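# Coordinate inspection notes
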Amino acid sequence: MSVDHATVRKIASLARIAVTDDQVEAMVPELNNILGWIEQLGEVDTSAVQPMTAVIPNVLRLRDDVVTDGDVRDAVLKNAPQAEQGFFTVPKVIE
Amino acid sequence: MTNLTDLGIAAIRDGFKAGDFTARDVASAFNEAVAGAKALNAFIVETPEIALAAADQADKDRASGSLKPLSGVPIGMKDLFATKDVQTTAASHILEGFVPQYESTVSGKLWNAGAGMLGKLNLDQFAMGSSNETSFFGNVISPWRRNNGDTAALAPGGSSGGTSSAIAARLVPGATGTDTGGSIRQPAAFTGISGIKPTYGRCSRWGIVAFASSLDQAGPMARDVRDCAILLENMAGFDPKDSTSLDLPVPNWEAALSTDLKGKRVGIPKEYRVDGMPAEIDALWEQGINWLKDAGAEIVNVSLPHTQYALPAYYIIAPAEASSNLARYDGVRYGLRDLPDGANLQDMYAATRAAGFGDEVKRRILIGTYVLSAGFYDAYYTQAQKVRTLIARDFDQAWETCDLLLTPTAPSAAFGLGEKSDDPLAMYLNDVFTVPTSLAGLPAMSVPGGLDALGLPLGLQIIGKALDEQTVLNAGLAIEERAGFTARADKWW
């Protein structure tokens, strides 16, 4: 499998990364080189193999259903590029 | 008087306890070394005042008889660990200026143990790289140079390149690293120091900027094996805030160090003899085998048949996890925001991420997005996770006939900056010996074994069974004693 210009634009859009025409031009051969190399995994017979889910056997723990934090609004907002009146702000999303 | 910056972790801890010097003397000496080494670009942020404050506290604690395990020891912190009130960037533009309001579990443990922070160490951006050339804050330079008069700047390895460079140049006696596919072991090998990646789950990932969560694991880097054991004891431990943290006691690795390997069987995997590997690395590997035999171990040949598929599987799994983990950088909650005139919310996300991520990070996010996208998920991602099962099974089968494995750490000595940075694949191949262990979650360490013909360090890797860091450390110490590696980079910076 290989990617073309349209596919690179599509995945860049899915990944929310703006790309210029020149960047797409450069990425197509670069990504195809990497994807071509990855293709060799297809040689491995995995018909009777389960995909890895955990490298070290471990159980998912449950904790008590209680509040463990809160009251840290200012700390949460401290690094926001733009915060107003206790909220994160973003460009208008509703017309 | 001894030059204090020539002392390692154990020597500082013990000398301080014995009253040979004050913690302030030690911190001041290292602060001065850090300030005088700007040419290496090993630090993103220097924190001399924090190191001094911890030192003053240690001096008080010594006077009052309440010493902690790392009292008086200043260290470096890879800039992937969130440190409260100190900028944490993952070497990216998108996190430039981010000042965490919390402390990562591992760094918090080290400070609680009495250690002080000399600064935040440079790295490959989001820990993605093997040469420290992807940092937004510039390349880290290795203190090592070739001995043929060539003054070309060499890579300190990556992603923990600031850590390796700073330790090799004696700017810090030890520091933290993180290892996703070799980011502790390969830089340790390139700079003639030691470093261990413990079993996945030993060290909490809480507060470490996430790259590939099923692989990321913190570990120590230092000048010798004992110092690694000391630091690891103070980094590891159960943390309820990390769902993959192992709820197990932390062994006393330092106290149990032993170079007697009688009864231990060391496996030599034939698949690690790759084409084009320099003869010097092959020779060092042979030497390592003889050193371990000398320590009482029995050598057995083993096979890890899926080794060649580890790298391609890694370059599906790690980018897939990265594309998901890095979705959080959206220009809303923290970090950079790029809001072009008239942009809507979607435009803002795309512009922010285009401006904030470096080329290698974008490349991996795009690959990860592609392999997870509808129609390709099974062919790429599921297949890679199945191959990962087979790689882990290879190790399980090897453990039927051996207790640890010995391999070279990297297929070459340190290369020059710029030599591989135009070819992502060539760079990826540098992790050929370290990635399989990461995929299987096993503990592994690199120790220096000798120098190549150009006077550059070469490392040997020891891989152990899950949770058996002790045998890994012991074999490392057995090699260290026999290798007698004392070479250091001549100061030019």
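What comes next is a walk through the structure. (Residues numbered from 1 in each chain as written. Chains lettered and ligands numbered in written order. Predicted model: local features only at pLDDT ≥ 70, side-chain atom pairs only at ≥ 80, totals over all residues. Heavy atoms only, no water.)

## A look at the environment of Met348 of chain B
Along the chain, the position of Met348 of chain B falls in helix α10 (residues 345–356). Sequence separation between Met348 of chain B and Ala483 of chain B is 135 residues, and the spatial gap between their C-alpha atoms is 55 Å. The contacts of Met348 of chain B, once residues within four sequence positions are left out, are Pro91 of chain A together with Asp330, Gly331, Val332, Arg337, Asp338, Leu339 and Ala343 of chain B. (Helix = DSSP H or I, 4+ residues; strand = E, 2+ residues; numbered from the N terminus. Contact = heavy atoms within 4.5 Å.)

## Considerations on the interface of chain B and chain A
Taken together, the contact pairs 71 residues of chain B with 49 residues of chain A. Carbon and sulfur atoms supply 71% of the area that chain B and chain A bury against each other, a total of about 4900 Å² over both sides. Contact with chain A buries area across many residues of chain B, yet Leu366, Tyr370 and Leu425 of chain B alone supply 13% of it, more than any other trio. On inspection of chain B and its partner chain A, the count reaches one salt bridge. The tally of links between chain B and chain A comes to 19 residue pairs in polar contact (both at pLDDT 80 or more). Ranked by the residues each element gives to the side of chain B that touches chain A, the list is headed by helix α12 (residues 377–398) of chain B, at 13 residues. Residues that form the side of chain B that touches chain A fall into these classes: 43 nonpolar, 18 polar and ten charged. (Buried area = accessible area lost by both parts, 1.4 Å probe. Salt bridge = Lys/Arg side-chain N within 4 Å of Asp/Glu carboxyl O. Polar contact = N/O pair within 3.5 Å; in protein donor to acceptor, adjacent residues only side chain to side chain. Nonpolar A, V, L, I, M, F, W, Y, C, P; charged D, E, K, R; others polar.)

## Remarks on empty space enclosed by the protein
Where empty space is left becomes clear once a probe the size of a water molecule has been rolled over the atoms. Residue and element names in this part refer to chain B. If you walk through the whole model with that rule in mind, you get five cavities of 30 Å³ or more. Taken as a whole, the largest cavity holds about 60 Å³ of empty space. Ala127, Gly129, Ser130, Gly181, Gly182, Ser183, Phe211, Tyr314, Tyr315, Arg364 and Asp431 together form the lining of the largest cavity. Counted by class, the lining of the largest cavity contains four nonpolar, five polar and two charged residues. (1 Å grid on protein atoms, 1.4 Å probe; cavity = no way out; pocket = protein on both sides within 12 Å on 5 of 7 lines; lining within 4 Å. Points joined across faces, edges and corners; volume = space filled by probe spheres on them.)

## Here we look at the packing of aromatic side chains
Two descriptors summarise a pair of aromatic rings, namely the distance from one centre to the other and the angle between the planes of the rings. All names here are of chain B. Taken as a whole, this structure holds 19 aromatic pairs over all chains when the rule is applied. Residues Phe126 and Phe357 carry aromatic rings whose centres are separated by 5.9 Å and whose planes lie at 70° to one another, so their mutual orientation is edge-to-face. Within this pair, whereas Phe126 is found in the loop between β3 (116–121) and α5 (161–168), its partner Phe357 is found in the loop between α10 and α11 (359–371), the two being separated by 231 residues in sequence. Exposure class is identical for Phe126 and Phe357. Each is buried. Seen in terms of ring centroids, Tyr370 and Tyr380 are 5.8 Å apart; in terms of plane orientation they differ by 55°. Their pairing is tilted. In this pair, Tyr370 sits in helix α11 while Tyr380 sits in helix α12, placing the two residues ten residues apart along the sequence. For Tyr380, a relative accessible area of 3% gives the class buried. What links up through ring pairs into an aromatic cluster is the set Phe98, Phe126, Tyr329, Tyr334 and Phe357. Against the face of Trp492 rests Arg145, its NZ or CZ located 4.0 Å from the ring centre. (Phe/Tyr/Trp six-rings, centres within 6.5 Å; stacked < 30°, edge-to-face > 60°. Buried < 20%, exposed > 50% of the residue type's maximum accessible area, 1.4 Å probe, protein only. Lys NZ or Arg CZ within 6 Å of the ring centre and 35° of its normal.)

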